[in-house]
Amino acid sequence: MSERILIIGGSANDFGRETESDAASYQVVKGLRRRGHEIVIVDDNPFGFTTERDDVTVIETELTAPNLVKVIVEQGITAMVASVGGSTAVRLSAEIVELLGDSAPKVLGMTLPVMQATQNTKYLQERLTKLKLPAIQTRLASNVSEVFDAAREFDLPVVVRSVAPVGQTIRLQVEDVEELEGAAETALNRSLTHQVNVDKSIRGYQEIAMVVVRDKRDTTLLIGGVEDMDPVGIHSADSIAITPVQTLPDPVFQQLRNAAFTVARGFNVVGLLEVRFAVNPTTEEYVITRLTPYFDRTSAMLVAATGYPLVPVIAGLMMGETLDKVRVPSIYAEHTALLEPTMDHIVIRFPVFAFGELESAGIQTENRLDTVQKSVGATIGVGRSVEEALEKAIRAAHFNNRNFSPTVMNALTDNEIIEQLIHPRDNRILVLLEAIRRGYTVDELAELTKINAFYFYKLERINNLESAVKDHPWDTDTLQQAKYYGLSDGLVAKLWDEKYEAVRRYRWDNGILPTYKAFEPSAGEFEESVSQFYSTFETENESERLGDDSALVIGTGAFRLGDGAAASYTMAMVADELSRQGIKTVLMNNNPTDLTFIPQLAHKQYYEPLEISDVMNVIEIEQPTRVFVPGNRIKLITSLRKMGVNVQVIAKEKYLPSSMLSDGQQTIVNYFYDGLELHVIGVGHQDNGGIFFDQSAMTDSLWQSLPRPEMTLDTAGLYQLVTDRLPLDHEVTADDIRPMPFTHIAFLDKVTGVSWLRLIVRYMLNKQTTADEEMVDNLKDLSWRIKTARLRYRDADFAEHMNIQQTLDNGRFAMGATYQVL
């Protein structure tokens, strides 16, 4: 029977909520549409990619339970999907079920108990006790006095967290009585029910996540386990995460695997469930700390790591198909969905922070890591060993972070080293390496940090390898080993005090060349036409050139402050349009949650750092006729052009603030540039709160008076003139015109109903249609999809996350935004 299905979006991006939900939504929609169902999506995220699809009904409204109930009634909704909208969608689905009772649409794959357990650790504890599974000791509190009672019962330290929080959950670790009242008030104020859970602290335990799927016949599979290198006490998003699990004894691993299956069965989950555990490293006893019945960063990491078609599988399971019958894309082997993935490689997710960027703007931050998330994104490194994966992850994550300079490490005193070992910061991996260089033993470091000794032996090998490279310049055997363990050409050049080009040429002359391996769920046991690859330095190469006429699209890397989601949207649109134009498209990126890794967007995808050496390695095997690069990667663009690569830049100003800190307002004139002349799209306004577009503001006289200076560029793009007032009282030249920020591009797409990025790509390829040219020539007469709308930057709780008290330039630093049709 055909259903009319409501997909609840994730709303604004935020700490812990990047673009993984949007990427999963896109694939779920594809799977549900293929099965004949009608889809209604409700979201107010201006950077949403799924809402650009033309085979769904999109409703823009604030995500509240009353608004969604209205949509359910008006649209005749018969089912809801909450598993691809993050914690917001789960919370709202639970509210709708409680509001409507028996008349509520069914929530596909998810029961009310699991939705409640996701938001309330006291309820989770009670349910787990019935299942005879260990849980964290916790108490529910409704006021500050009850929080103090719970703290006295458990003894400090404790963790305080909101029940049914507004936005993402914040876990506040409290060490002493002086901190308790403030933490209680903060958590109570963030709770929609004005309740908090007070948990007994398990700081120092080992944190493990298990992601499982279950079908309606109770067939269960483990998709994978993820191990945090850092102990409990550092937020899991800020930890360095590894898969497959490296340090857990197999009997304990099997215990956790079976417990995850028991939880999925006990809560009657059909589809996806992540169960998070904390394991006592001394006794190997465990407790279950959290359930996540939706697609999040851990699921995204495992999809990238294993190649398992998780989203197509859960789409089928939610609709009642079984694992032996669920339909997956044709590139996979016949029974891929029924096989637990096997990995013959290591994947490491490495957090990305913005402390340096904020501090360079004069903004003070708290960069000690604790139970409150401070990272603003993550990258991954993939390799045959922990060392290789870690080396690649580090350079993927920190291409522009001065805190990761070796000079900073050399300047640390011994006391500072010890202090940072005990109280870790964003650059702790380099602090650990520096401590090894200074003679700290593995046992000492393991005791100080509570990190498993296994990882210090790996860091010792990296340190020894760097020393060997430095001591043996131009030695092929040493260089071969260095490349096998992930050292970049740039790092080798620095150790040899040589230029990158000389090292790269020497490597090529001596046959030290990268090979590419496929992400195969069966680790090569079954024949699969896999399209995702990573590099290593072995003998067998599994990737062949895609074709004579191909395009390489470079992603934007880790989700960062300002335009992370909008940048992901931008490059995904570019890749999709290239594919639509019949061009074989190759994607290269290192962010596992990024939209560019939606399988349908490209013919091949490479999970690699975006340094010049790694990009050139892919170019040398694929030999693309053109390379598309986001405009903020200025150093990469310059290096590629220096090497004769045909680079097409998706124009973007790198650091220019796109709003203003004062209470004033600026006028924006938006232009489309076709490679020859500027065409006015419309005018808008911006302030530090957001962006406002209103088509009715454009009068005939204003249209005629707006400047259209002659540009010196030869490639299409979107540009802006920013001014304090109109009409202008001075002459405007090309120097006054700036590239349009990605946040504005995504919002302009939504408001006008025109896919400007697709149009740019067609003009870049000289494949614009007659209809395109007619539209560009008659933009004044274009009927916008939304006549008037406002984008509002979201308050991302910087005060709670990073102790920022100053006013931020939202255009540059905001985590996300919502938009409202006026």
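Placed above this text is the structure.
Structure report, in brief. This one's a predicted model, so the numbers in the text were calculated from it and none came from an experiment. (Residues numbered from 1 in each chain as written. Predicted model: local features only at pLDDT ≥ 70, side-chain atom pairs only at ≥ 80, totals over all residues. Heavy atoms only, no water.)

## Observations regarding the sheet that holds strand β2 (residues 38-42)
What counts, and what does not: Strands were regarded as paired on the criterion that DSSP finds at least two bridges between them. By definition, any uninterrupted DSSP run of H or I lasting at least four residues is a helix, any uninterrupted run of E lasting at least two residues is a strand, and each is numbered from the N terminus. Contact definition: two residues touch when any of their heavy atoms are within 4.5 Å. An axis is simply a line fitted to the C-alpha atoms; with a helix, the fit covers only the stretch in contact. Between two such axes, the angle follows the N-to-C directions and lies from 0 to 180 degrees.
One open sheet holds the five strands; their spatial order is β3-β2-β1-β4-β5, and the pairing between them is parallel. Each of the sheet's edge strands pairs with one partner strand only, and the pair in question is β3 (57-59) and β5 (106-107). As defined by bridge partners, strand β4 (residues 79-81) adjoins β5 across two bridges and the pair is classed as parallel. Following the sheet pairing, M80 is matched in β5 by V107. Across the sheet, helix α3 (residues 86-100) lies against β1 (4-8), β4 and β5, angled at about 130 degrees from β1, the strand it touches most.

## Examining a negative patch on the surface
Rule in force here: Two distance rules govern patches: like charges are joined within 9 Å, and nonpolar side chains (Val, Leu, Ile, Met, Phe, Trp, Tyr) within 5 Å, applied only to residues with over 30% relative accessible area and no salt bridge. To measure how exposed things are, a 1.4 Å probe is used in the Shrake-Rupley method; for residues, cover is taken only from the protein chains shown. Salt bridge, as applied in this entry: a Lys or Arg side-chain nitrogen positioned within 4 Å of an Asp or Glu carboxyl oxygen. For this count, His and the chain ends are skipped, Lys and Arg are scored as positive, and Asp and Glu as negative. Think of each charge as sitting on NZ of Lys, CZ of Arg, CG of Asp or CD of Glu. The buried label goes to any residue with under 20% of its type's maximum accessible area, the exposed label to any with over 50%, and the partly exposed label to all in between, with areas taken from a 1.4 Å probe on protein chains only.
Among the surface-exposed residues, E677, E773, E774 and D777 lie close enough to one another that they form a single negatively charged patch. Position of E677 relative to the elements: it lies in the loop between β24 (666-673) and β25 (678-687). The class of E677 is partly exposed, set by a relative accessible area of 47%.

## Some points on the packing of aromatic side chains
In plain terms, the rule: Classification of ring pairs rests on two measures: the distance between centres of Phe, Tyr or Trp rings, Trp counted by its six-membered ring, which must be within 6.5 Å, and the angle between planes, read as stacked under 30 degrees, edge-to-face over 60 and tilted in between. Only when the NZ atom of a Lys or the CZ atom of an Arg is both within 6 Å of the ring centre and within 35 degrees of the ring normal do we say a charge sits over the ring.
All told, the structure shown has 20 aromatic pairs when counted by the stated rule. Their ring planes at 20 degrees and their centres at 5.2 Å tell us that F693 and F747 sit as a pair that is stacked. A residue pair is termed long-range when its members are at least 10 positions apart, and F693 in strand β26 (residues 690-694) and F747 in helix α25 (residues 742-752) qualify at 54 residues. With respect to class, F693 is no different from F747; both count as buried. Of the aromatic side chains, those joined through ring pairs into one cluster are F519, Y534, F597 and Y607. Here the guanidinium or amino end of R127 rests over the ring plane of F267, the centre of that ring lying 5.0 Å away. Taking NZ or CZ as reference, K604 lies 5.0 Å from the ring centre of F533, over its face.

## Considering the sheet that holds strand β9 (residues 196-200)
The four strands lie next to each other as β6-β9-β7-β8, forming an open sheet whose pairing is antiparallel. The open sheet is flanked by β6 (138-141) and β8 (171-174), the only strands paired with a single partner. Taken over all neighbouring pairs, the strand axes of this sheet differ in orientation by 25 degrees on average, direction set aside.

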